[in-house]
Amino acid sequence: MIPQNILNQIVQAQSLNIANKDTGLKRDALPLLPNLASHALIVSGIRRCGKSTLLFQLLNSKYPGALYLNFEDPRLYEFESKDFLRLDELIREQKRSVLMFDEIQIIPEWERYVRQKLEEGFKVVVTGSNASLLSRELGTKLTGRHITKELFPFSYHEFISHQKLKPSTESLINYLTTGGFPEYIKERTDDILNHLFEDILIRDIAVRYSIKDIRTLQRLAQYLISNVGKPVSGNKLKNIFEVGATSTVLEYLSHMEYSYLLHFVPKFSYSLKKQIANPRKVYAIDTGLINVNSGSFTEDNGRKFENLIFLHLRRIYKEIYYFSERGECDFIAFKNGAFHQAIQVCYELNPDNLEREVNGMIEALEFFNIEEGILVTISQKDLFEKNGKVIRVIPAHEYLLN
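This text gives an overview of the structure that appears in the document. Not measured: the values here are computed from a predicted model.

Evaluation of the coordinates by the stated rule reveals one cavity of 30 Å³ or more. As a volume, the largest cavity reaches approximately 40 Å³. Surrounding the largest cavity, Pro153, Phe154, Tyr175, Gly180, Ile285, Asp286, Thr287, Leu308, Leu311 and Arg315 form its lining. With three residues, helix 15 (residues 301–316) is the single largest residue contributor to the lining of the largest cavity.

Shown next, in the form of structure tokens:
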């Protein structure tokens, strides 16, 4: 329970902090956020990707009179659902009409409170770093009353804008190495990404889901982040880490995905049963996070480059698969259930891999009856035609700005 005067002081202190804060680079997501009306705006994404900063930018640009409250403030650790009554009193006193709540999902019954404020005519913005909790609670209490937007670490466009770099192979390699977490880009201190990795595993997963075997969770997470671009399965991981049940491993993977730490891409099949049965490829939320936390002793530039292209696609599409029959195509992107584009990724085309990369793409294009595909490389530009199909080879610094 939080006394009324303490709550008032916390809100005032956080407001002063916002007023004195440099909101930094204008995020590409800002103009894409919808105007608040009868729906709550939910911004979800991994820790430290800039959700709070986006809220500050939204507050300054559109809603300067909004009430802002970050529930991860240590002074609010004792906040309970009954304290929402005290928050109501503060809102009435200050005559606020727009409410912005950071990481509110850690408070019990938060979704009921947001629903109540919407029904009272308030405009509400909520951020959260766990997609599972947000979607589960929103689905039951805020059905039809919310719009969800995802925020990721800096894109390549945001990275070169922040660093004042030009689009080039050199700046692309810089981005591949550094990744997009704003704080890490500024400080370049590995401890930032080490601590972030541990924070997500402990605070967002182990504590939230009451996982006792934290050591296995940590080992599993490091194994996965060290093997991006590779197919994994619950059974295989169960044997590697000697976990009692495959279902336990699958739960861990689900928690990592919902916390935005990792993403798992299924093999394409029109059969949902086959999609579930086949191994999924693992990708991390950020290439800088891979570089700092990977246990691999090789650079793995090809697989990290593939991870980078996946993240670009994931910002645009939610339906992404890999295609594998005789050959393989790295990514098949769907929009609203319909095929949208095929993307092959190769760090550098050479005589040893050219036929494999082209044939994998051609097979996918023929399977979906599509005329053209894209092959992304680190710097090469070219065009291939085969069997009536066209493959456009595009350097990544051009592709990522398209």
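In this section: the pattern of salt bridges. A side chain of one charge can pair with a side chain of the opposite charge when the charged atoms of the two come close. Under the counting rule described, the total for this entry stands at 25 salt bridges. Residue Arg47 is joined to Glu72 by a salt bridge in which the shortest nitrogen-to-oxygen separation is 3.1 Å. Taken together, the residues span a long stretch of sequence, with Arg47 in the loop between strand 1 (40–44) and helix 2 (51–61) and Glu72 in the loop between strand 2 (67–70) and helix 3 (84–94) at a distance of 25 residues. Since its relative accessible area comes to 7%, Arg47 is described here as buried. Across the pair Glu103 and Lys51 runs a salt bridge whose closest N-O atoms are separated by 3.6 Å. With Glu103 in the loop between strand 3 (98–102) and helix 4 (110–119) and Lys51 in helix 2, this pair connects stretches of sequence that are 52 residues apart. Classification of Glu103 by relative accessible area gives buried; the value is 6%.

Ordered by their spatial adjacency, three strands build an open sheet running 6-8-7, and the pairing between neighbours is antiparallel. Edge strands, defined here as strands with exactly one partner in the open sheet, are strand 6 (231–232) and strand 7 (262–265). Here strand 7 pairs with strand 8 (residues 280–284) via four bridges, running antiparallel. When the bridges of strand 8 are listed, Val265 appears paired with Lys281. On the sheet, helix 12 (residues 246–258) packs against strand 7 and strand 8 and is oriented at approximately 115° with respect to strand 7.

Conventions used here
Residues numbered from 1 in each chain as written. Predicted model: local features only at pLDDT ≥ 70, side-chain atom pairs only at ≥ 80, totals over all residues. Heavy atoms only, no water. 1 Å grid on protein atoms, 1.4 Å probe; cavity = no way out; pocket = protein on both sides within 12 Å on 5 of 7 lines; lining within 4 Å. Points joined across faces, edges and corners; volume = space filled by probe spheres on them. Helix = DSSP H or I, 4+ residues; strand = E, 2+ residues; numbered from the N terminus. Salt bridge = Lys/Arg side-chain N within 4 Å of Asp/Glu carboxyl O. Buried < 20%, exposed > 50% of the residue type's maximum accessible area, 1.4 Å probe, protein only. Pairing = 2+ DSSP bridges. Contact = heavy atoms within 4.5 Å. Axes fitted to C-alpha atoms, helices over the stretch in contact; angles between N-to-C directions.

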